[in-house]
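Observations on chain architecture
Read off the chains here:
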Amino acid sequence: MLRNSYLTIYNSVVWLGYFYVFFVSLLRVALDGKAAIKTNYAVMSWLLRSCQQTVFLEIIHAATGLTKTSTLTTTLQVVGRAVVLFSVVDAEPELQTSLTCYLLMVAWSAVEVLRYPYYVVQIYDLYFPKLMWLRYTI
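To keep things clear, this report deals only with the structure shown in the data block. Residue numbers restart at each chain and count upward from 1, following the sequence in its written direction. Per-residue local features are limited, in this predicted model, to residues with pLDDT of at least 70; the limit for side-chain atom pairs, both in listing and counting, is 80 or more; totals at the level of whole chains, interfaces and linings are taken over all residues. Computation of side-chain values covers all heavy atoms of the structure but excludes hydrogens and water.

Quick notes on the pattern of salt bridges
So the rule is basically this: In the sections that follow, a salt bridge refers to a side-chain nitrogen of Lys or Arg positioned within 4 Å of a carboxyl oxygen of Asp or Glu. Helix numbers and strand numbers start at the N terminus; a helix is a DSSP run of H or I with at least 4 residues, a strand a run of E with at least 2. Accessibility here uses a 1.4 Å probe with only protein chains present; expressed as a share of the type maximum, an area under 20% marks a residue as buried, one over 50% as exposed, and anything in between as partly exposed.
Applying the stated criterion across every chain, the model contains 4 salt bridges. Between Glu-112 and Arg-81 there is a salt bridge whose closest N-O contact spans 2.1 Å. Taken together, the positions of Glu-112 in helix 6 (residues 99-123) and Arg-81 in helix 4 (residues 71-89) put the pair 31 residues apart, joining distant regions of the chain. Taking the relative accessible area as the measure of exposure, Glu-112 reaches 1% and is therefore buried. Arg-115 serves as the salt-bridge partner of Glu-112, at 2.5 Å between the closest nitrogen and oxygen.

This is how it looks when you write it as structure tokens:
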């Protein structure tokens, strides 16, 4: 019971963060056009970094058996994304204002917007075929 509650809250909080990055990034471009692409990282990076730092908890979740996943696979995924964000994107101001960075943020957050609801559904052994399809297709 406590495990399910904690994981539901954890996954919901991380989902909210990534959803905000995804939605606001798209909204900014819809409202401000191409100019928003150049400033999107400066505006949204604080939340993207916070989400990525929070995701390090997933390594602990796997290592302690709180989730049924490989600690190695989780570590490689979390650290890989952290390297891209903190060592590559944060280190290159020119990259931060590029279309590549904007697309990376939108794609990355879009994947997470699907992944975290899938995790919540899995906690309660529920099955939603369309969500599973989206989670593993996008």
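Observations regarding the layout of surface pockets
Filter applied, for reference: Residues are said to line a cavity or pocket when one of their atoms sits within 4 Å of a point; the points come from a 1 Å grid over protein atoms alone, cavities being sets where a 1.4 Å probe fits but cannot get out and pockets being open sets with protein on both sides within 12 Å along at least five of seven lines. Grid points are joined across faces, edges and corners, and a volume is the space filled by probe spheres set on the points. Throughout, the ten residues Ala, Val, Leu, Ile, Met, Phe, Trp, Tyr, Cys and Pro are labelled nonpolar, Asp, Glu, Lys and Arg are labelled charged, and all others, Gly among them, are labelled polar.
Its boundaries defined by the atoms lining it, the largest pocket holds a volume of some 600 Å³. Along its surface, the largest pocket is lined by 19 residues, and Thr-67, Lys-68, Thr-69, Tyr-119 and Gln-122 are the ones closest to its centre. For the lining of the largest pocket, the elements supplying multiple residues, two or more each, are helix 1 (2-32), helix 3 (57-64), helix 4 and helix 6. Take the lining of the largest pocket: its biggest share by element is 5 residues, from helix 6. In the lining of the largest pocket, the residues fall into 6 nonpolar, 8 polar and 5 charged.

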